[in-house]
Amino acid sequence: MSNKGEISSIAVEDGVGVLTIDSPPVNALGVAVRRALDEGIREMVQDTSVDAIILLCGGRTFFAGADISEFGKAPQVPLLPAVLEKIENCPKPLIAAMHGTALGGGYELALTCHYRIAAPSAKVGLPEVKLGLLPGAGGTQRLPRLVGPAMALDLIVKGDQVPAVQALQLGMIDAIAREGQLREDAIAYARAILAEGVPLRRIRDRNEKIAPDSFPADLFDTFRAANAASMRGFKAPGHIVQAIGASVRVPFDDGLLRERALFQELRASRESAAQRYYFFAEREAAKIAGNQKVSGPVPITSVGIVGGTAMGIDIAMAAADAGLAVTVIDIDTAAGGRARRSIADAYAAAVHDGRMTAEEVARLQDRIALADDPALLSASDLIVEFDEDPAEKQRIIRRLDAIVRTDTILATSGNTIDVEGMAVSCSRPERVVGMHFCASADAPRLVEAARCAVTSPEAIASAMHFVRRIGRVAVLTGPRRGFIANRIMSAMATQARAAIAEGSPPGLLEALLYDYGFPADHIQQISGTAFGDFDQYSTATDRTRQAPVDDEELLERLLLPVVNEGAKLLEEKGATRASDIDVVAILGYGWPVYRGGPMFWADEIGLPRVLSTLNELRARHGEAFRPSALLEEKVALGASFTRG
Ligand code: 3HC
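A short tour of the structure in this document, coming up. (Residues numbered from 1 in each chain as written. Predicted model: local features only at pLDDT ≥ 70, side-chain atom pairs only at ≥ 80, totals over all residues. Heavy atoms only, no water.)

Section: the packing of helix 4 (residues 139–147) against helix 5 (residues 149–158)
At their nearest, the axes of helix 4 and helix 5 sit 7 Å apart, and the two run at 130° to each other. As judged from the angle between their axes, helix 4 and helix 5 are oblique. Two packed elements cross with a definite hand, and for helix 4 against helix 5 that hand is right-handed. Residues Gly-139, Thr-140, Leu-143, Pro-144 and Val-147 of helix 4 form the contact with helix 5, whose participating residues are Pro-149, Met-151, Ala-152, Leu-155 and Ile-156. Class assignment for the residues of the contact of helix 4 with helix 5 results in eight nonpolar, two polar and no charged. (Axes fitted to C-alpha atoms, helices over the stretch in contact; angles between N-to-C directions. Helix = DSSP H or I, 4+ residues; strand = E, 2+ residues; numbered from the N terminus. Parallel < 35°, antiparallel > 145°, perpendicular 65-115°, else oblique. Left-handed = near helix turned anticlockwise from the far one by under 90°. Contact = heavy atoms within 4.5 Å. Nonpolar A, V, L, I, M, F, W, Y, C, P; charged D, E, K, R; others polar.)

Description of the site of the ligand
If you check the shell around the ligand, you find 25 residues, and the closest are Arg-60, Glu-108, Glu-128, Arg-283 and Lys-287. Between the ligand and Ala-66 there is a distance of 2.8 Å, counted from an oxygen atom to a backbone nitrogen or oxygen. Within the complex, 78% of the 990 Å² of free accessible area of the ligand lies under protein. For the shell around the ligand, the element with the most residues is helix 12 (residues 270–285), which contributes three residues. (Near = heavy atom within 4 Å. Polar contact = N/O pair within 3.5 Å; in protein donor to acceptor, adjacent residues only side chain to side chain. Areas by Shrake-Rupley, 256 points an atom, 1.4 Å probe, with all protein chains shown as cover.)

Remarks on the side chain of Asp-185
Secondary-structure assignment places Asp-185 in helix 7 (residues 182–196). Here Asp-185 falls in the buried class, since its relative accessible area comes to 15%. There is a polar contact of 2.6 Å between the side chain of Asp-185 and the side chain of Arg-178. Residues contacting Asp-185, with those up to four places away along its chain left out, are Ile-117, Ala-177 and Arg-178. (Buried < 20%, exposed > 50% of the residue type's maximum accessible area, 1.4 Å probe, protein only.)

Looking at the sheet that holds strand 16 (residues 432–437)
Taking strand neighbours across the sheet as the criterion, the eight strands line up as 13-12-11-14-15-16-17-18 in an open arrangement whose pairing is mixed. A single partner strand is all that each edge strand has here, and the edge strands are strand 13 (368–371) and strand 18 (473–477). Within the sheet, the average angular offset between the axes of one strand and its neighbour, ignoring direction, is 25°. In this structure, strand 11 (residues 302–306) lies alongside strand 12 (residues 325–329), joined through five bridges in parallel fashion. Paired with Ser-302 across the two strands is Ala-325, which belongs to strand 12. Packed on one face of the sheet, helix 13 (residues 310–321) meets strand 11, strand 12, strand 13 and strand 16 and runs near 165° to strand 12. Sheet strands touched by helix 18 (residues 457–469): strand 11, strand 14 (382–385), strand 15 (409–413), strand 16, strand 17 (446–450) and strand 18. Its angle to strand 18, the strand with the most contacts, is close to 155°. (Pairing = 2+ DSSP bridges.)

Remarks on the pattern of salt bridges
Inspection of every chain in the model, using the stated rule, returns 34 salt bridges. With a closest N to O distance of 3.7 Å, Glu-88 and Arg-204 form a salt bridge. With Glu-88 in helix 2 (residues 80–88) and Arg-204 in the loop between helix 7 and helix 8 (219–226), this residue pair connects regions lying 116 residues apart in the sequence. For Glu-88, a relative accessible area of 3% translates into the label buried. With its nearest N and O atoms 3.0 Å apart, the salt bridge here joins Arg-445 to Glu-282. Placement of Arg-445 in the loop between strand 16 and strand 17 and of Glu-282 in helix 12 is noted, with a sequence separation of 163 residues between them. One salt-bridge network, held together by shared partners, links Glu-88, Arg-142, Arg-204 and Asp-253. (Salt bridge = Lys/Arg side-chain N within 4 Å of Asp/Glu carboxyl O.)

Some words on the layout of surface pockets
What the second largest pocket holds in volume is close to 910 Å³. Secondary-structure elements contributing two or more residues to the lining of the second largest pocket are helix 13, helix 14 (337–352) and helix 15 (358–366). A breakdown of the residues in the lining of the second largest pocket according to their chemical character gives eleven nonpolar, three polar and eight charged. (1 Å grid on protein atoms, 1.4 Å probe; cavity = no way out; pocket = protein on both sides within 12 Å on 5 of 7 lines; lining within 4 Å. Points joined across faces, edges and corners; volume = space filled by probe spheres on them.)

Focus on the environment of Asp-381
Positionally, Asp-381 belongs in the loop between strand 13 and strand 14. Under the relative-accessibility criterion, Asp-381 is labelled buried at 13%. Linking Asp-381 and Thr-408, residues 27 residues apart in sequence, is a C-alpha distance of 4.8 Å. Once residues lying within four places of it in the same chain are set aside, the contact partners of Asp-381 are Pro-299, Ile-300, Thr-301, Ser-302, Arg-405, Asp-407, Thr-408 and Ile-409. A polar atom in the side chain of Asp-381 sits 2.7 Å from the backbone nitrogen of Thr-301.

Section: helix 20 (residues 506–516)
Of all eleven residues making up helix 20, nine are buried, and the element is well covered by its neighbours. Taken together, the buried positions of helix 20 are Pro-506, Gly-507, Leu-508, Leu-509, Glu-510, Ala-511, Leu-512, Leu-513 and Tyr-516. Positive backbone phi, approximately 130°, marks Gly-517, located one or two places after helix 20.

Some details on the pairing of strand 4 (residues 52–57)
Counted residue by residue, strand 4 has six buried out of six residues, so it is predominantly covered. Two elements, strand 3 (residues 16–21) and strand 4, share six bridges in a ladder whose sense is parallel. Considered in strand 4, the bridge of Val-18 is made with Ile-54. As for the winding sense of the linkage, the β-α-β connection from strand 3 through helix 1 (residues 31–46) to strand 4 is right-handed. Relative to strand 5 (residues 94–98), strand 4 is paired through three bridges, and the arrangement is parallel. The residue of strand 5 that forms the bridge with Ile-53 is Leu-94. Chirality of the crossover, the property in question, places the unit of strand 4, helix 2 and strand 5 among those that are right-handed. (Right-handed = clockwise from strand over helix to strand, strands pointing away.)

Looking at the packing of helix 22 (residues 551–571) against helix 24 (residues 598–605)
Viewed as axis vectors pointing N to C, helix 22 and helix 24 meet at an angle of 110°, and their least axial separation amounts to 9 Å. By the angle between their directions, the pair helix 22 and helix 24 is classed as roughly perpendicular. For the pair helix 22 and helix 24, contact is made by Leu-559, Leu-560, Val-562, Val-563, Gly-566, Ala-567 and Leu-570 and by Pro-598, Met-599, Trp-601, Ala-602 and Ile-605, respectively. Here the contact of helix 22 with helix 24 is built from residues that sort into eleven nonpolar, one polar and no charged.

Structural data, given as structure tokens:
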């Protein structure tokens, strides 16, 4: 076995060469990995004792794609397309052995291999669309040749990860290994291929799935029309449709050139810059900034949920799904009757819709205990109360404080709670946190975690760790009532109300927000607060107005207070990072991700302009527009909110 530098090693077993790349955290295809691949393959092609080659990754995953942090920097050779060309044209059978997530450039690399085998728990996919990009290393040309253009459109425009079993059914992979036996099974698979002596298979040479008679002539137009709503405002999906369209129209190499040109256009676009910024912002939000020393989160293995509300049940089920032991206490009803019914109904629906099997449901239900006695929560590491009555919340937390383990973390949920007051009334103020589980219908992923001055860093780290474990995004906030989401968006709602009172039709405001990119249901959410009884006003298409106001000015009147309020939150330490405010606006209120959120957007239009417009609005409409001191300071220093 040769160890080729720090990130790659080669071993030859029974005539099969195994090139293992290990570049934490996710084996992104940065320049060092590309070099290691290039050199490793060259060495094994030259090695006469090697008849077939396996590409394997160490650590938690197969290649998770191109290294996103390299975008925008000068490209360094070898470039990914050159490495992939070498793989595809390798004279010996080359097999990708995948575990974890083979995504983006990582799965595109697998598509240039002659065969693909995966662990049963592996997932594959082309999620570039979520970064405002398209697969730029042949994915839009090779995947249609494997699964047909209709399925390729669906997979690449949605960007979802496909579990190994489904990937095998679709033809995205060729074989599934036994769990934990990927290396051994890949070697056996390679030996079987050699024994068969079949010629090398390259996806680029397979044209049967893209033959004109194998898909409807109007496939692309129909797809565009059917997905117009979800594609609205985004640049990448339209480019993806064009690239896949090229795969069925022009020869493979011309298709690759078309894909590259479209990829480069997207990579240079504002939309992709915003979406790539958001990718890192979401991950940054999970990190606890500041100088407080954190000894690491206390692992949470058991959770208590108090209150059988819809959100409580949702979180209980998500926790069970994440492998945690859950106890649900429904104090109001005998032996948790309401919760029992809701959970049974939700699981029955999941089985009915084919989202889960009866066995999976039985396994998850086993993890959830239902009761009506809070004393049963004594084993829980973290307890979240979901009562709807503010006075009752206070009482529940105090009662729990008196009966559960002293190291248990107590969390109170809601967005207008006085967490600080609640914490100091307990014997363990350092272990009391606030949590606002955002109830947005299409993106219930956001959880604001409130830290008070007395909260211990370990307790807040554990609570945020729990949120991530159940698949939500945690953002740290101060203990103020209203958290970040309500503070920033009520600034918009207040101005919407004022503009309407001055004669702007609500329909016009809605249309402006819609055109900016807010989804219709989120506008309803905002307008519910802003416009009151909406029925009495005109519809969203009504662009007439009573007051002579410029559209752009009106839009800025709605959006700039959000930026200003965000800056005030940063000033007051109610938010830690400008990017956290963007994550909250995007996940909580549907701020279009391709605009990066209010703070990123403000940097893009330029803070001097933001400041001068706020001052103009202040002269016209009053002190609500007084610019935050932080914004003034940033402008004076020539600094920005989100650009380092
Ligand atoms: N490039 C650079 N860094 C990456 C990365 C990538 N492709 N993918 C993940 N990372 C970083 C994250 O920023 C994070 O860094 P941090 O620890 O400093 O915050 C670290 O790796 C771990 O990532 P996660 O916290 O997201 O880890 P998870 O285990 O929760 O998820 C994952 C792993 C599913 C691989 C997830 O990270 C992910 O979805 N990554 C992006 C996948 C992707 O979009 N690939 C396509 C890239 S574009 C491309 O390939 C273009 C090509 O077509 C030419």
